[in-house]
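So the chains spell out like this:
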Amino acid sequence: MILKGRVWRIGDHVDTDQILPAGYINLKNRRERAAHCFETIIPHFASSVEPGDFVVAGINFGCGSSRPSVEILQDLQLGGVVARSFARIFFRGGIARGFPLIICPELSEEDLPQGHRIEIDTGKGTVLDVTAGNSYASEKYPPFLNQIINEGGLMEVTYRRLNESIAKAHEEGTNCLQCSE
Amino acid sequence: MTLVEKILANHAGLTDVRPGQYVEADVDLVLLSDVAVRSIQAFRELGATHVYNSEKIAIVFDHNVPARDVKTADVLRTMKQFARQQGIKNIFDLPRGGIQHLVPAENGLIYPGMIVVDGSHTCTDGALSVLATGVSAEDRAVAMATGRLWFRVPETLRVFLRGRPKRHVTGMDIGLALLRRIGANGATYRAIEFVGDTLDHLPMSARFTLCNLTMEAGAKTGLVGVDEKTIAFYRDMGLPSPSHYPRSDADAVFAERLSLNIEDLEPQVAAPYSPDNVSDLTSILGLPISHAFIGFCVNGRLPDLELAAQVLEGRTVSPDVTLSITPGSQRVFREAVQRGYINIFLEAGAVVTPPTCGACAGIHMGVLGPEDVAISTSNRNFKGRMGHPDSKVYLANPAVVAASAIRGKISSPVEVLS
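Cut-offs and rules
All residue numbers refer to position in the chain's written sequence, counted from 1. As they are written, the chains are lettered A onward and the ligands numbered 1 onward, keeping that order. Under the rules for a predicted model, residues below a pLDDT of 70 receive no local features and side-chain atom pairs below 80 are neither given nor counted, while totals for whole chains, interfaces and linings still include all residues. Every helix listed is a DSSP run of H or I at least four residues long, and every strand listed is a run of E at least two residues long, numbered separately from the N terminus. To sort residues by exposure, count the other C-beta atoms lying within 10 Å of each residue's C-beta; 20 or more gives buried, 12 or fewer gives exposed, and values between give partly exposed, all with C-beta atoms placed from the backbone. C-beta atoms are first placed from the backbone for all residues, and any pair lying within 7 Å is then listed as a contact. The domain limits used here are those given by an automatic or database domain assignment. Under the grouping applied here, Gly and all other residues not named as nonpolar or charged are polar, the nonpolar ones being Ala, Val, Leu, Ile, Met, Phe, Trp, Tyr, Cys and Pro and the charged ones Asp, Glu, Lys and Arg. Remark: nonpolar core denotes a set of buried Ala, Val, Leu, Ile, Met, Phe, Trp, Tyr and Cys residues whose joining runs through C-beta atoms within 7 Å. In this description, strands pair whenever DSSP reports at least two bridges between them. Consider the strands pointing away from the viewer: the crossover is right-handed when the path from the first strand over the helix to the second runs clockwise. How far a helix is expected to stretch is found by multiplying one less than its residue total by 1.5 Å.

Here's the deal with the overall build of chain A
Logical step 1: Tallying secondary structure elements over chain A gives 7 helices and 7 strands in all.
Logical step 2: Taken from N to C terminus, the helices and strands of chain A fall in the order β-α-α-α-β-α-β-α-β-β-β-β-α-α.
Logical step 3: Counting only C-alpha atoms, chain A reaches 60 × 40 × 25 Å along its principal axes.
Logical step 4: Within chain A, the fraction of its 181 residues that count as buried is 43%.
Logical step 5: Relative to all contacts within chain A whose residues are 6 or more apart in sequence, the contacts with residues 24 or more apart total 62%.

With respect to the domain arrangement of chain A
All names here are of chain A.
Logical step 1: Taken domain by domain, chain A consists of domain 1 (2–139) and domain 2 (151–181).
Logical step 2: If you average the C-alpha positions of domain 1 and of domain 2, the two centres end up 33 Å apart.
Logical step 3: With 4 residues of domain 1 at the interface, the matching set in domain 2 holds 5 residues.
Logical step 4: Here the side of domain 1 that touches domain 2 is composed, by residue class, of 2 nonpolar, 1 polar and 1 charged.

A closer look at the nonpolar core
A general trend in soluble globular proteins is that nonpolar side chains are found buried together.
Logical step 1: Judged by nonpolar contacts, the single largest core of 193 residues is most densely connected at Leu8, Ala292, Ala308 and Ala402 of chain B.
Logical step 2: Apart from the residues within four sequence positions on either side, Ala292 of chain B is in contact with Val321, Leu323, Ala374, Ile375, Val401, Ser404 and Ala405 of chain B.

Some details on the domain arrangement of chain B
Residue and element names in this part refer to chain B.
Logical step 1: One can read the domain layout of chain B as domain 1 (3–261) and domain 2 (269–417).
Logical step 2: On a C-alpha basis, the centres of domain 1 and domain 2 stand 24 Å from each other.
Logical step 3: Of the residues lining the interface, 34 residues belong to domain 1; the matching set on domain 2 comes to 36 residues.

A few points about the interface of chain A and chain B
Logical step 1: With 38 residues of chain A at the contact, the number on the chain B side is 40 residues.
Logical step 2: Partitioned by chemical class, the residues of the side of chain A that touches chain B number 17 nonpolar, 14 polar and 7 charged.

As for the pairing of strand E8 (residues 156–162) of chain B
Residues and elements named next belong to chain B.
Logical step 1: The element E8 is extensively covered by neighbouring structure, given that 5 of its 7 residues are classed as buried.
Logical step 2: As judged from the 5 bridges shared by E8 and strand E9 (residues 191–195), these two strands associate in the parallel manner. Across the sheet, the residue bridging to Arg158 is Glu193, located in E9.
Logical step 3: Taken together, E8, helix H6 (residues 171–182) and E9 constitute a β-α-β crossover, and its handedness is right-handed.

Brief notes about helix H7 (residues 154–172) of chain A
Logical step 1: Taking 1.5 Å per residue, 19 residues should reach 27 Å; H7 of chain A reaches 26 Å between its end C-alpha atoms and fits that length.
Logical step 2: Those residues of H7 of chain A that are buried are in contact with helix H5 (88–97) and helix H6 (143–150) of chain A together with helix H2 (37–45) and helix H5 (137–146) of chain B.
Logical step 3: Once H7 of chain A finishes, Gly173 of chain A follows within two positions and takes phi at roughly 70°, a positive value.

Describing the environment of Ser243 of chain B
Residue and element names in this part refer to chain B.
Logical step 1: Mapped onto the fold, Ser243 is located in the loop between helix H9 (228–236) and strand E11 (256–261).
Logical step 2: With 7 C-beta atoms packed within 10 Å, Ser243 lands in the exposed category.
Logical step 3: On a C-alpha basis, the gap between Ser243 and Ile231 in space is 9.5 Å, while along the polypeptide they are 12 residues apart.

What follows is the structure in C-alpha cells.
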C-alpha cells in the first residue's frame, strides 16, 4: 500500500489526554469531539489538518487511556501515524480499525519535519521524505498481524466471521448465537 | 514458563508459548466502565446482537457518576439497557459499586489465573495473579461478541523488592521509584512480575497500587504470584478461596531482572508532567499547593485511607487548600465510616466524594483551574490530566498528601506528626 500525505510533527510520549482531553470523550457529535484533538499542543490542528495528513511522533505515541483515540484521528481523515514506537492500547486500536500505524524506530527529532510531504510504502517498509529526499526504514508487521491488517482490521475480520457463523448456523439449522430466542 | 506465559498458554489451548508469539486466547472477563459506551457501539458495528457469554462481562459506572450532566445521564441509561437486553447481571451502578479497579475483585469476579480486559488501569488486578490488561474499545467489543482476543505473549520483567519499607513509605512510593528507574516506556509491551520480601511487609492494598502504576511504565500488566496474603484477601472479602492457580516456574526465562532496595527508600513525588518525573520528597518540600486529593483506584483502599486518617486526626487542613478524599468503592467508604476515618476527614476540613474517577481524570468533582497546583495520590499528572493544561499535579502517597494539605505546601508526614 502506498500512502501519501503532509507531516504534522509532534514529540515523544504524546498521551491520550493530548489526543482528546477526557472531558470530551462522551460528546456524541463526532465532528464536535474531533475538533478538540491535540488542542493542548497544536491549538489549530483540527481546523487545519487535511485529509491524508500524517502525524509523525517520537516514542510511546498514544500512551494513556483506552478512549477511542484512533476513531478520533480517523474522524479527522488523518492518513495514519508514523512513530518511533506506539503505546500498546493505542496500537491495538489501530489494528482493530485498520488504521495505518507505521513504526519507524530510526527517526530522530529532526527527521520528517513539520509540513514536509511524505510517501509511505507499507509493502517495502519505507517512509520517503519527498520534500527533503531522505528515506527511512519502517518495521514490517509479523504475519499474524499482517493478515488482520490485510483483511481490513480486527473489527472487519470479526464482522465477517460472525456473519459466516450466522449463515452457517442457519443453513445447518443449528443454534445461532446471534438470533434472539 | 513465567506466570503470564502460563496464563496465556492455558487460555490459548497450548502447552507452551514463547515471548513474541501471537496467540488467540479465551477472555474470562470483559470490564466496561461508563466511558466504554464506545465498546457497545462497536459491538453493534460488528453485526453482533448477543454477547458470547453474559457472565463474562461486568459493567461498572465510575467516570461520570453521579451523572455529571444530561449527556452522561443518557449514556448511563444506554448501558443499563444494554445490560438488561444482554442479561448481564454484573452491572454496578454507583450505590453498590465504585471504581472498576476495585469493584469486580471485591465481588468475586477476579480469580488467580484469569485473563481480564478493560481500559487502561485494569492491570491493578494483577495483584490477584491475573493477566489483567488494557485493550482498545474495539477489542472489548470483539471479546464480548466472540469470547476471544489476540495477544502477543509479553516478555516478563522480574522486579525483586528487597527489605522492609520505612514508615510512610507505601506501595505508591515503590511504584514511583520503579518509574523513576525504568521510565514511562521502560516496560512497553512487557509484563512486570513483582517478587521479594518487601511484599510480605506491606498490606495487600500495596500490591494493587503497585500493579496499577505499572501502566505508567507502558507495561502490558503487573502481577504478583499467589501467596498467603492473596488467600487472605478472598477470606476478608467473604469470598471462596482460590483453589488452583499457575505460578512462574523455577526455571522460567525472564527478559530482565532488576532489584529495588526498598529499605532505604524515601517517600517519592512525581512532578508535572509525567508520572516518571520522580524525585525524593525531600527535594521538593515547601512547594505551595492549592489542592490535595486522596483516594481513587490507586490509593483508595482501606489501608490508604487509614494512613491519611492517622496524619489528619486532630489536625486541620490549611485554609489555602481544598482537600478532597475519594474512597475507591462504596464498600471501602462504608468501612471507612465504621472505622471513624470519614469523621476524621470531615473534622479536619476535607470534602469526601463518592467513589468516582471524576477529579483524577479531570472530568468533574474537583477539576483544576489554570493556576491550581495539586498534590494527589492518583496515577497520572500529564498536561491537563486533572483540568486546565496549565494546572500542575504532583503525585505522592496518602500520608504525604495529607501532610501537605495540613501545611499548605508539599510536606513530610514526619514533620506534621512530630
